[in-house]
Amino acid sequence: MPTPQETMDMTTAGDPGLLETLQHEVAVFARRAEQTRLGGVGQVRNSMDRAAYLLLNRLDKEGPMGVKALASSMGIDSSTVTRQVAPLVDTGLVKRTSHPEDGRAVVLQLSPRGAARLDEVRTSRRELMAQLTQEWEPEEREQFCALLARFNSALSARHGQPTPPADS
């Protein structure tokens, strides 16, 4: 983690006006994303809590796993995963099963209902992204994705978290 002086040097090394605009636009983006939960094409039924989406997505991409492994792969605490996964189990989106080799351990798995719901949300979100960027050139979309992924990686590194896979 940089010292306050190193942070000041980095800030003054860049254009302060540009950095001010960047921090403002990131704040606006975060607010807008949370307001809509990037839920798709404006249908409330297609919105999904950010934590739920990320957990379901990770289980879909990486398969069944224990709480500790899920927490580690997401760069969050096990107690946070336990708290966030509870409503997903209650609503039938995630199944808890016994570990095949150690019956005492619990494995979390995306249920068929969870997979279907995740697919609905992904489809709706892709449509929203298409609408929001319909006037962009394909190269602009690619550049935005690359820069946003780089920004997210820098944020993860800043907080000592593993860099999430690109599809998480």
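Residues numbered from 1 in each chain as written. Predicted model: local features only at pLDDT ≥ 70, side-chain atom pairs only at ≥ 80, totals over all residues. Heavy atoms only, no water.

Enquirer: Account for the overall build of the chain, naming residues and giving values.
Expert: Across its full length, the chain carries seven helices and two strands. Counting across all 168 residues of the chain, residues that qualify as buried make up 24%. Put simply, of all contacts in the chain between residues at least 6 apart along the chain, 50% involve residues at least 24 apart. When the accessible surface of the chain is totalled, it reaches about 11,400 Å², and 56% of it is carbon and sulfur. (Helix = DSSP H or I, 4+ residues; strand = E, 2+ residues; numbered from the N terminus. Buried < 20%, exposed > 50% of the residue type's maximum accessible area, 1.4 Å probe, protein only. Contact = heavy atoms within 4.5 Å. Areas by Shrake-Rupley, 256 points an atom, 1.4 Å probe, with all protein chains shown as cover.)

Enquirer: A description of the nonpolar core should follow, citing residues and the corresponding values.
Expert: L56, L59, L70, L88, V94 and L108 are the most contacted members of the largest nonpolar core, which totals 19 residues. Secondary structure elements with two or more residues in this core: α3 (50-62), α4 (67-74), α5 (78-90), β2 (106-110) and α6 (112-132). At five residues, the largest contribution of residues to this core is made by α3. The contact partners of V94, leaving out residues within four places of it in the chain, are L56, L59, V85, L88, V89, L108, Q109 and S111. (Core = buried A, V, L, I, M, F, W, Y, C linked by side-chain atoms within 4.5 Å.)

Enquirer: Please give an account of the pattern of salt bridges that cites residues and values.
Expert: Once their charged atoms are close, side chains differing in charge can pair, the charge on each being opposite to the other. Considering all chains together, one arrives at three salt bridges under this definition. A salt bridge links R58 to E62, with the nearest nitrogen and oxygen atoms 3.4 Å apart. You can see R58 and its partner E62 sitting in helix α3, four residues apart, about one turn around the helix. Using a relative accessible area of 3% as the deciding quantity, one classes R58 as buried. The class of E62 is partly exposed, set by a relative accessible area of 39%. For D60, the salt bridge is made with R122, and the minimal N-O distance between the two is 2.9 Å. With D60 in helix α3 and R122 in helix α6, this residue pair connects regions lying 62 residues apart in the sequence. Assessed through its relative accessible area of 34%, D60 is described here as partly exposed. (Salt bridge = Lys/Arg side-chain N within 4 Å of Asp/Glu carboxyl O.)

Enquirer: Can you explain the side chain of R122? Please cite residues and give values.
Expert: Residue R122 is classed as buried on the basis of its relative accessible area, which comes to 16%. Leave out the neighbours within four places in its chain, and R122 touches Y53, N57, D60 and K61.

Enquirer: So what's going on with the packing of α4 against α5? Which residues, and what values?
Expert: When two helices pack together, you describe them by how their axes are tilted relative to each other and by the distance separating the axes. It is the contact of α4 with α5, at a shortest axis distance of 8 Å, that shows an interaxial angle of 105°. Judged on the interaxial angle alone, α5 and α4 are roughly perpendicular. Residues V67, K68, L70 and A71 of α4 lie in contact with α5, whose contacting residues are S78, V81 and T82. Grouping the amino acids of the contact of α4 with α5 by side-chain chemistry returns four nonpolar, two polar and one charged. (Axes fitted to C-alpha atoms, helices over the stretch in contact; angles between N-to-C directions. Parallel < 35°, antiparallel > 145°, perpendicular 65-115°, else oblique. Nonpolar A, V, L, I, M, F, W, Y, C, P; charged D, E, K, R; others polar.)

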